[in-house]
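Next come the chains, spelled out residue by residue.
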Protein chains: 2
Amino acid sequence: MELIRIPRIMQDTAGGHFLHGRSIGLVPTMGALHEGHLSLVRRSKGENDITAVSIFVNPLQFAPSEDLNKYPRDIDGDTEKLRRENVDILFMPDAHLIYPEGFSTHVEAEGISEKLCGAFRPGHFRGVATIVAKLFNIVKPARAYFGQKDFQQAVIIKKMAKDLDMAIDVVICPTIRENDGLAMSSRNLYLNKDERKAATVINKCLTQTTELIKSGIIDIESIRRFMKEKLSEEPLITEIQYASIYSPQTLDELEKAGKGALLAIALKIGKTRLIDNMIVNP
Amino acid sequence: MELIRIPRIMQDTAGGHFLHGRSIGLVPTMGALHEGHLSLVRRSKGENDITAVSIFVNPLQFAPSEDLNKYPRDIDGDTEKLRRENVDILFMPDAHLIYPEGFSTHVEAEGISEKLCGAFRPGHFRGVATIVAKLFNIVKPARAYFGQKDFQQAVIIKKMAKDLDMAIDVVICPTIRENDGLAMSSRNLYLNKDERKAATVINKCLTQTTELIKSGIIDIESIRRFMKEKLSEEPLITEIQYASIYSPQTLDELEKAGKGALLAIALKIGKTRLIDNMIVNP
């Protein structure tokens, strides 16, 4: 596995592969890798000549009040995991090379960036779109892989790539879950034992709401009430930010749940913010 | 000369040239071509294997109150001029292919986009950065050519390309002038005979201010006063938007004029908005 830390060298390396007709698959990550990330890596390995994984904890997508500094980091563990997956390139740039002094250009997919998580994390998706646009220009991938767990992020990246003619196939891969159903997330590391157990309520709520919809209860009032009641059973939840049914394209709330609708939840357990979602396929 | 109207076909064509190791030079224009544009074309012809010219009157960079609909158009004349210059590709897409329904992603170089012209044309440079980002992704040029007449635009494009790692050489070429010194611009076509004559005051003011600075008068108060007095001699000027000396990097006003400082003017003659600038090189 080639470790590259300088954007210009990554760009030249990618250019060389491109000129030789070798396709690159990119898996952008913030490190603290788990099976969710590795499932993206495996998908990329199967579809591209070269697989590059980037590890960059992007300061631009954290608000001052958020967890940038305590975001979990495990460079040695991550490197070992990627080596075992036979990843070709690990791109791990320093922040000052990505955002040199005077940096001021931003990319924003408007409309969908302000909804759901965007309403609670102003500027977050602008930071995400900007770093991903940069990574796309540096790594020049044919395909880039994102997990469905961060559904809004994936939709925004897809939209940005289309709107700006990036000619990159943005591939959204299934959420990988722990045995008890909790969606894998680097932030799960923040949870203590009781919180970790409490967090299983999210997947239970999504699964049971899906069953409710399949049974024919499809109006938003009933769905919202059901989800709220289900989540309220768990006393360690300190805040429910959203829990409802949305259009997977516009991320607007739906009046009635139909095929392909998005069930999505964001909440806090203790101080840890967790998100999860499920697509209804009746 | 190959005429391409479909972005996807332009992108595939560019990809083919890239894979064959042929460099592309791009000259982005809004048509109504004059010698200024053609000087960019000739520079590109000298530096690249393939020269592509785009003609697209970009609705995103016009405010509702501005001259989008009456912006001069001369497709036949433009095509003939480019053919005579042996341009390889004319890319002339329809607006609905560039901005399909639901388009909502924008690129913005913050800080420098709000100054000078940006203060009088809110959103203008966001529209410029967005269309140029798209053209860069569609045409994949090694180099792109812009005239110094639109100095702020050129600085913003250079900044965007650098900040977003576009790996494109943004080349700024000298302003081309009429015999009487007026900077060439498609908008000069708006001027009637008297206004056309009055417009020469802009270049005269820039030239004489440069001489003033060379003579040792370098403080901003004297320079501003001199420019204002000079421009006030012309009664057909209906509005002076700015006329002063600026840093060519930050576009902030300077306290003292030094080597490389930017003298810039924006004003209206009748209803026509004209801009021009000069770099001080004492």
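Since the structure is predicted, the reported quantities are computational estimates derived from the model, not experimental observations. Note that residues are indexed from 1 along each chain, following the sequence as it is written. For naming, the first written chain is A and the first written ligand is 1, with later ones following in the order written. Given that this is a predicted model, residues contribute local features only at a pLDDT of at least 70 and side-chain atom pairs are listed and counted only at 80 or more, while totals for whole chains, interfaces and linings are drawn from all residues. In computing side-chain values, all of the structure's heavy atoms are included and hydrogens and water are not.

(A) Spotlight on the relation of the copies chain A and chain B. Copies are brought into register by a least-squares superposition over C-alpha atoms of residues with pLDDT of at least 70 in both. Note on the copies: chain A fits chain B at an RMSD of 0.0 Å, the axial shift is 0.0 Å, and the rotation between them is 180°. Viewed as a symmetry operation, the transformation between the two copies matches a two-fold axis. Using C-alpha coordinates, one finds that chain A approaches the rotation axis most closely at valine 107 of chain A, a distance of 2.3 Å. Mapped onto chain B, 100% of the interface residues of chain A again fall at the interface, so both copies present the same surface. Residue contacts follow a heavy-atom distance rule, with two residues in contact if any of their heavy atoms lie within 4.5 Å.

(B) Spatial organisation of helix 1 (residues 7-19) of chain A. Residues and elements named next belong to chain A. Only runs of H or I of at least four residues qualify as helices and only runs of E of at least two qualify as strands under DSSP, and these elements are numbered from the N terminus. A helix's residues, less one, multiplied by 1.5 Å, set its expected span. With 13 residues, helix 1 ought to run about 18 Å at 1.5 Å a step, and its terminal C-alpha atoms sit 18 Å apart, in line with that. Residue exposure (1.4 Å probe, protein chains only): buried if accessible area is under 20% of the type maximum, exposed if over 50%, otherwise partly exposed. Among all positions in helix 1, only Pro7, Met10, Gln11, Thr13, Ala14, Gly15 and His17 are buried. The inward-facing, buried residues of helix 1 contact strand 1 (2-4), strand 2 (24-29), strand 3 (50-55), strand 4 (89-91), helix 4 (95-98) and helix 6 (124-139). Backbone geometry just downstream of helix 1 places glycine 21 in the positive-phi region, at approximately 75°.

(C) Broad picture of the packing of aromatic side chains. Each Phe, Tyr or Trp ring (for Trp, its six-membered ring) is paired with any other whose centre lies within 6.5 Å, and the angle between the two planes then decides the class: stacked below 30 degrees, edge-to-face above 60, tilted in between. On inspection of all chains with the given rule, the structure shows 11 aromatic pairs over all chains. Aromatic pair phenylalanine 18 of chain A and phenylalanine 18 of chain B: ring centres 5.3 Å apart, planes at 65°, arrangement edge-to-face. Taken together, the residues span two chains, with phenylalanine 18 of chain A in helix 1 and phenylalanine 18 of chain B in helix 1 (residues 7-19). Given the relative accessible area of 32%, phenylalanine 18 of chain B is considered partly exposed. When the centroid spacing of 6.3 Å and the interplanar angle of 40° are considered together, the rings of phenylalanine 120 of chain A and tyrosine 242 of chain A count as tilted. Of this pair, phenylalanine 120 of chain A sits in helix 5 (residues 117-120) while tyrosine 242 of chain A sits in strand 8 (residues 237-246), and the two are 122 residues apart along the sequence.

(D) The arrangement of the interface of chain A and chain B in detail. Counting residues at the interface gives 26 residues for chain A and 26 residues for chain B. The term buried area denotes the loss of accessible surface (1.4 Å probe radius) that occurs when two parts are joined, taken as the sum for both partners. Interface area for chain A against chain B, summed over the two sides, is near 2400 Å², with a carbon-plus-sulfur share of 47%. In terms of surface lost to chain B, no three residues of chain A exceed Thr105, Leu164 and Asp165 of chain A, which account for 24% of the buried area on that side. Any carboxyl oxygen of Asp or Glu that lies within 4 Å of a side-chain nitrogen of Lys or Arg is treated as forming a salt bridge with it. The shortest N-O distance in the salt bridge between arginine 126 of chain A and glutamate 110 of chain B comes to 2.6 Å. Polar contact is the term for a pair of N or O atoms within 3.5 Å; when the atoms are in protein, one must be able to donate a hydrogen and the other to accept it, and sequence-neighboring residues count only if both atoms are side-chain atoms. Along the contact surface separating chain A from chain B lie 22 residue pairs in polar contact (both at pLDDT 80 or more). Counting residues per element, the ones that place at least two in the side of chain A that touches chain B are helix 1, strand 5 (105-109), helix 6 and helix 7 (151-163) of chain A. Of the residues belonging to the side of chain A that touches chain B, the class tally is 11 nonpolar, seven polar and eight charged. By this definition, two strands are paired if DSSP reports at least two bridges between them. The pairing of strand 5 of chain A with strand 5 (residues 105-109) of chain B spans five bridges and is antiparallel. From the neighbouring strand, threonine 105 of chain A faces strand 5 of chain B, where its bridge partner is alanine 109 of chain B. For this classification, the nonpolar set comprises Ala, Val, Leu, Ile, Met, Phe, Trp, Tyr, Cys and Pro, the charged set comprises Asp, Glu, Lys and Arg, and every other residue, Gly included, is treated as polar.

(E) Spotlight on the sheet that holds strand 8 (residues 237-246) of chain B. All names here are of chain B. Spatially, the three strands line up as an open sheet ordered 8-9-10, and their pairing is antiparallel. Sheet topology places strand 8 and strand 10 (272-279) at the edges, where each strand pairs with a single neighbour. Sheet twist, expressed as the average angle between the axes of neighbouring strands with direction ignored, equals 10°. Of the strand pairs in this sheet, strand 9 (residues 262-269) and strand 10 are connected by eight bridges, and their pairing is antiparallel. For helices, the fitted line uses only the C-alpha atoms of the stretch in contact; every axis is such a line through C-alpha atoms, and the angle between N-to-C directions lies from 0 to 180 degrees.

(F) The nonpolar core, seen in detail. By size, the foremost hydrophobic cluster in this structure holds 96 residues, and its most contacted members are Phe136 and Met160 of chain A together with Phe136 and Met160 of chain B. Residues contacting methionine 160 of chain B, with those up to four places away along its chain left out, are Thr105 of chain A together with Val107, Ala129, Val132, Ala133, Phe136 and Met166 of chain B. The set of buried Ala, Val, Leu, Ile, Met, Phe, Trp, Tyr and Cys residues whose side-chain atoms join them within 4.5 Å is what this entry labels a nonpolar core.

(G) Structural view of the packing of helix 9 (residues 200-214) of chain A against helix 10 (residues 220-232) of chain A. Residues and elements named next belong to chain A. Where helix 9 contacts helix 10, the axes come no closer than 10 Å and their chain directions differ by 150°. By the criterion of interaxial angle, the relationship of helix 9 to helix 10 is roughly antiparallel. Remark: the crossing between helix 9 and helix 10 carries right-handed chirality. Between helix 9 and helix 10, the residues in contact are Val201, Lys204, Cys205, Leu206, Gln208, Thr209, Leu212 and Ile213 and Ile223, Phe226, Met227, Lys230 and Leu231, respectively. Any angle that is under 35 degrees is reported as roughly parallel, and any over 145 degrees as roughly antiparallel; angles of 65 to 115 degrees are reported as roughly perpendicular and all others as oblique. Definitions for this section: a left-handed crossing has its near helix turned counterclockwise from the far helix by less than a right angle. A right-handed crossing has that turn clockwise.

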